[in-house]
Amino acid sequence: IAPSPTGYLHIGQLYQGVVHRMLADKTNGIFYCRLEDTDGKREVKNAGQIAYDMLCAYNLKPDEGYRGDNLEEIGDYGPYVQSKRVEIYRAFAHELVKKGRAFPCFCEVTSGKEEILKRREEELENSDDLEVKDPCRDLTLNEIKEKLNAGKSFALRLKSIGDKDKTYKFIDAIKGEKEVRENTKDDVLIKSNGIPVYAFAHIVDDLLMGTTTVVRGQEWYQSLPVHIELAQAFGYKPFKYAHTPNICVIDEETGNKRKISKRKDPFADVRFFFKNGYPTTAIVEYLLNLLNSDFENWRKQNPDLSYQEFPFSMKKIGVTNPMFDFVKL
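Throughout this description, residue numbers start from 1 for each chain and increase along the sequence as written. It should be noted that, the model being predicted, local features are given only for residues of pLDDT at least 70 and side-chain atom pairs only at 80 or more, the latter also being counted only at that level, while totals for whole chains, interfaces and linings use all residues. Calculated side-chain values reflect all of the structure's heavy atoms, with hydrogen atoms and water omitted.

Q: Can you tell me about the nonpolar core, naming the residues and giving the values?
A: Grouped together as the largest cluster of nonpolar side chains are 49 residues, with contacts concentrated most on Leu-14, Tyr-58, Leu-287, Phe-312 and Phe-324. For this core, the elements supplying multiple residues, two or more each, are helix H1 (11-26), strand E1 (32-33), helix H2 (47-57), helix H9 (280-291) and helix H10 (295-301). Contacts: residue pairs with any heavy atoms within 4.5 Å of one another. Those residues in contact with Leu-287 that sit more than four places away from it in its chain are Ile-11, Leu-14, Tyr-15, Val-18, Ile-247 and Phe-324. What is meant by a nonpolar core is a set of buried Ala, Val, Leu, Ile, Met, Phe, Trp, Tyr and Cys residues, joined one to another through side-chain atoms within 4.5 Å. In this scheme, a residue with accessible area under 20% of its type's maximum is buried, one over 50% is exposed, and one in between is partly exposed, where area comes from a 1.4 Å probe on protein chains only. Listed in part, the 29 residues of the second largest apolar core include Ala-201, Ile-203, Leu-224 and Phe-234. What counts as a helix is a DSSP run of H or I of at least four residues, what counts as a strand is a run of E of at least two, and both are numbered from the N terminus.

Q: Could you give an account of the packing of helix H3 (residues 86-98) against helix H6 (residues 198-208), naming the residues involved and the relevant values?
A: With axes taken as lines fitted to C-alpha atoms, and helix axes fitted only over the stretch in contact, angles between N-to-C directions fall between 0 and 180 degrees. At a minimum axis separation of 10 Å, H3 and H6 run at an interaxial angle of 100 degrees. Classified by the angle between their axes, H3 and H6 sit roughly perpendicular to one another. Along the contact surface, H3 presents Ile-88, Tyr-89, Phe-92, Ala-93 and Leu-96, while H6 presents Phe-200, Ala-201, Val-204, Asp-205 and Leu-208. Side-chain classes follow a simple rule in which Ala, Val, Leu, Ile, Met, Phe, Trp, Tyr, Cys and Pro form the nonpolar group, Asp, Glu, Lys and Arg form the charged group, and the remainder, Gly included, forms the polar group. Each residue belonging to the contact of H3 with H6 can be placed in one class, and the counts come to nine nonpolar, no polar and one charged. Note that the term roughly parallel is reserved for angles under 35 degrees, roughly antiparallel for angles over 145, roughly perpendicular for angles of 65 to 115, and oblique for everything else.

Q: Describe the pattern of salt bridges, and please don't skip the residues or the numbers.
A: Salt bridges are counted wherever a side-chain nitrogen of Lys or Arg sits within 4 Å of a carboxyl oxygen of Asp or Glu. Taken as a whole and judged by the stated rule, the model has 21 salt bridges. Between Arg-101 and Glu-229 there is a salt bridge, and its shortest N-O distance comes to 2.7 Å. Residue Arg-101 is found in the loop between H3 and strand E3 (102-105), and its partner Glu-229 is found in helix H7 (residues 224-233); the two are separated by 128 residues along the sequence. A single burial state applies to Arg-101 and to Glu-229, both of which are buried. Between Asp-186 and Arg-137 there is a salt bridge, with the nearest N and O atoms lying 2.8 Å from each other. Placement of Asp-186 in the loop between strand E6 (176-181) and strand E7 (188-190) and of Arg-137 in the loop between helix H4 (113-126) and helix H5 (141-149) is noted, with a sequence separation of 49 residues between them. You can call Asp-186 buried: its relative accessible area is 1%. For Arg-137, a relative accessible area of 16% puts it in the buried group. Several salt bridges share partner residues, and in doing so they unite Arg-34, Glu-36, Arg-85, Asp-205 and Asp-206 into one network.

Q: So, the sheet that holds E7: which residues are in play, and what are the values?
A: For two strands to be treated as a pair, DSSP must find at least two bridges joining them. Pairing is antiparallel across the open sheet formed by three strands, whose spatial order is E3-E4-E7. On the outer flanks of this sheet lie E3 and E7, each paired with one strand and no other. The mean inter-strand angle of the sheet, taken between neighbouring strand axes irrespective of direction, is 45 degrees. Sheet contacts for H3: E3, strand E4 (155-158) and E7; angle to E7, the most-contacted strand, approximately 130 degrees.

Q: How would you summarise H2 if you had to cite specific residues and measurements?
A: What H2 keeps buried is the set Ala-47, Gly-48, Gln-49, Ala-51, Tyr-52, Met-54 and Leu-55. Residues of H2 that are buried sit in contact with H1 and helix H8 (271-275).

Q: Can you break down the confidence of the model for the chain residue by residue, with the values?
A: A residue's pLDDT is the confidence the predictor assigns to it, expressed on a 0 to 100 scale. Summary statistics for the chain give a mean pLDDT of 91 and a share of 93% for residues scoring 70 or more. Confidence drops under pLDDT 50 across residues 119-129; counting only partners more than four residues distant or on other chains, this segment forms six contacts.

Q: Please set out the packing of aromatic side chains residue by residue, giving values where relevant.
A: Aromatic contacts are taken between Phe, Tyr and Trp rings whose centres are within 6.5 Å, Trp giving its six-membered ring; a plane angle under 30 degrees counts as stacked, one over 60 as edge-to-face, and the others as tilted. All told, the structure shown has 23 aromatic pairs when counted by the stated rule. Here the aromatic rings of Phe-200 and Phe-234 are separated by 6.2 Å at their centres, their planes lie at 40 degrees, and the arrangement is tilted. Here Phe-200 is found in helix H6, whereas its partner Phe-234 is found in the loop between H7 and strand E9 (240-244), with 34 residues between them in sequence. Comparing Phe-200 with Phe-234, the two get one shared label, buried.

Q: A description of the packing of H1 against H9 should follow, citing residues and the corresponding values.
A: A pair of packed helices can be characterised by two numbers: the angle between their axes and the separation between those axes. In the contact formed by H1 and H9, the axes pass within 10 Å of each other and the chain directions differ by 80 degrees. Between H1 and H9, the angle falls in the class roughly perpendicular. Contact residues: Ile-11, Leu-14, Tyr-15, Val-18, Val-19 and Met-22 in H1; Ile-283, Val-284, Leu-287, Leu-288, Leu-290 and Leu-291 in H9. A class-by-class count of the residues in the contact of H1 with H9 yields 12 nonpolar, no polar and no charged.

Q: Give a detailed account of the pairing of E4, specifying residues and quantitative values.
A: Here E4 shows a buried face lined by Ala-155 and Arg-157 and a second buried face lined by Leu-156 and Leu-158. Pairing between E3 and E4: four bridges, direction antiparallel. Bridged to Phe-103 within E4 is Arg-157. Alignment of E4 against E7, held across two bridges, turns out to be antiparallel. Across the sheet, residue Leu-156 finds its bridge partner in E7, namely Ile-190.

Q: Describe in detail the side chain of His-243, supporting the description with residues and values.
A: Considering the arrangement of structural elements, one finds His-243 in strand E9. A polar side-chain atom of His-243 sits 2.6 Å from a polar atom in the side chain of Asp-172. Counting of polar contacts relies on pairs of N or O atoms within 3.5 Å, with two restrictions inside protein: one atom must be capable of donating a hydrogen and the other of accepting it, and residues adjacent in sequence are counted only when both atoms are side-chain atoms. Reaching out from His-243, the side chain makes a polar contact with the side chain of Arg-216 at a distance of 3.1 Å. The contact partners of His-243, leaving out residues within four places of it in the chain, are Asp-172, Ile-174, Lys-175, Arg-216, Gly-217, Gln-218, Trp-220, Tyr-221 and Leu-224.

Rendered as structure tokens:
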């Protein structure tokens, strides 16, 4: 599990934490925690500590990795805080450049986030395929040297070799077999400030930390092709991925189903339940029931057993987004 210290631990991440814990326990695996703190501008003081404390409070204590700001890490694959791994990312970036699979991009960022998202949406509406080739990918070595000598800053981008007309089969641990289109985007790997983006950092970290299965929200599913291409660029087989469905609620204003919102829903912060006296085991068991719908009947038949003895299965996780129901909770 990889919380980002940009705010509180979200109920959706606790939901994924239940998957991590149960999966590790059922497979004699290791559940570990990594702090993904590369977004310094949005970092909230003590957020990493709070995230770790909440995992422990809900009996989802990781076996290894980051243990808050005051305790030493456990495990042989540290540091488990990304801001302390910058030199490692640079070494891997250097390897991609040597292989001809990454290049410096000197383009100035002139668009704000909203403009970028709007342009991306328009491109997707005009075509099912989004092929983004950066103009700097074709710069000659002499042109690159000239820009570097002139002191121009640059970001590092992946030099994609994907074909937009080709697809391949991929098995998601939750979604099952899927047909995925090859990546064709020259995605940013390292920003001009030297800090890696999620796509690059998590690939490097998961390769070095011996990760076998990556459990994350389904919003990352669209990014899967570039993550697979990156792993292959390093000469590794892609990891197993499990993309969990999102927990939803009915919006009081529109009456429509939507994801739980940090802005609208106070219970998005897992401390809400803790502060309001909900038994932590009840929360975990409710989330477990959203993941494996047969848990409810199992609990009725086994009222005295720990939920940890429940025969949890990734194959029983549905692909539709479950509803968070306070009455049932």
